[in-house]
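Coordinate inspection notes
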Amino acid sequence: MDATERMMLSFTLNGRPVEVDVEPSDLLLDVLRNRLGLKGTKRSCDVEVCGACTVLMNGLPVSSCTTLAADADGQTVLTIEGVAQGGELDRVQRAFVEHAGMQCGFCTPGMVLATTALLNVNPKPDNAEIRHFLRGNICRCTGYIKILEAVKSLV
Ligand code: FES
Ligand code: FES
């Protein structure tokens, strides 16, 4: 395939089928934000260090800043926009609100999605397991104590 030739992707995004044509080099983050209008997924470091761009692919966290959109073809992707249901925050989102686990909120979509993935694979993580699982998500204003308290409240 020519590097500039466009390709059609089909995948499940936040519970709904989507189709979008992309270039083979397009990043998932750019397609989500700029083609599909989902601005909740944030760009920060752009080099897979900070976790701000975290989305779940087939239930597992990936950095969308370093994931090709083409890799989403045929997969199931969850972004922060798909977490709340029926206009109601889900339990992870509520816990972050109730425990003040955010200030600017820039890291929060990634934190919520990483926590969702953690609880899916390990519903009763201990402190060390929470810290280990969330080690790829950086917060520069809340600190980690309130985030940890929010996650612990769900266990
Ligand atoms: S923007 Fe992707 S990990 Fe930082
Ligand atoms: S709340 Fe601002 S970076 Fe985490």
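Please refer to the structure higher up on the page.
This write-up is about the structure you can find in this document. By convention here, each chain's residues receive numbers from 1 onward along its written sequence. As they are written, the chains are lettered A onward and the ligands numbered 1 onward, keeping that order. Given that this is a predicted model, residues contribute local features only at a pLDDT of at least 70 and side-chain atom pairs are listed and counted only at 80 or more, while totals for whole chains, interfaces and linings are drawn from all residues.

Turning next to the sheet that holds strand β4 (residues 60-63). Any two strands are treated as partners once DSSP identifies two or more bridges connecting them. Under the scheme used here, helices are H or I runs from DSSP no shorter than 4 residues and strands are E runs no shorter than 2 residues, and both carry numbers assigned from the N terminus. Spatial strand order, β2-β1-β5-β3-β4: five strands in an open sheet with mixed pairing. The open sheet has two edge strands with one neighbour each: β2 (16-22) and β4. Neighbouring strand axes in the sheet, compared pairwise and without regard to direction, differ in orientation by 40 degrees on average. Summarising the sheet, strand β1 (residues 7-13) and β2 pair through seven bridges and their orientation is antiparallel. Among the inter-strand pairings, Leu9 is bridged to a residue of β2, identified as Val20. The contact criterion used here is simple: two residues whose C-beta atoms, placed from the backbone, lie within 7 Å are in contact. In this description, a line fitted to the C-alpha atoms serves as the axis of each element, helices being fitted only across the stretch in contact, and the angle between N-to-C directions of two axes falls anywhere from 0 to 180 degrees. Helix α3 (residues 108-121) contacts β3 (54-57), β4 and β5 (76-78) of the sheet and is inclined by roughly 30 degrees relative to β3.

Glancing now at unusual backbone geometry. Here the phi dihedral of Asn14 falls at roughly 50 degrees; this positive angle occurs in a residue that is not glycine. Note on placement: Asn14 falls in the loop between β1 and β2. Exposure remark for Asn14: the 16 C-beta atoms within 10 Å place this residue in the partly exposed category. Burial in this document is a count-based property: other C-beta atoms within 10 Å of a residue's C-beta are tallied, and the residue is buried at 20 or more, exposed at 12 or fewer, or partly exposed in between, with C-beta positions derived from the backbone.

Position of Lys39 among the secondary structure elements: in the loop between α1 (28-35) and β3. On the basis of neighbour counts, which here come to 13 C-beta atoms within 10 Å, the residue Lys39 falls in the partly exposed class. As for Lys39 and Met57, which are separated by 18 residues in sequence, their C-alpha atoms are 17 Å apart.

Contact pair helix α2 (residues 91-98) / α3: the axes reach a minimum separation of 9 Å and the direction vectors enclose 125 degrees. Judged by the angle between their axes, α2 and α3 are oblique. You can see that α2 and α3 cross each other, and the crossing is right-handed. Across from Val92, Gln93 and Phe96 in α2, the residues of α3 making contact are Thr108, Val112, Thr115 and Thr116. Ten residues, namely Ala, Val, Leu, Ile, Met, Phe, Trp, Tyr, Cys and Pro, are considered nonpolar, four, namely Asp, Glu, Lys and Arg, are considered charged, and the remaining ones, Gly among them, are considered polar. Across the contact of α2 with α3, the residue classes break down as three nonpolar, four polar and no charged. Note that the term roughly parallel is reserved for angles under 35 degrees, roughly antiparallel for angles over 145, roughly perpendicular for angles of 65 to 115, and oblique for everything else. Note: crossing handedness is left-handed where the near helix turns anticlockwise from the far helix by less than a right angle, and right-handed where it turns clockwise.

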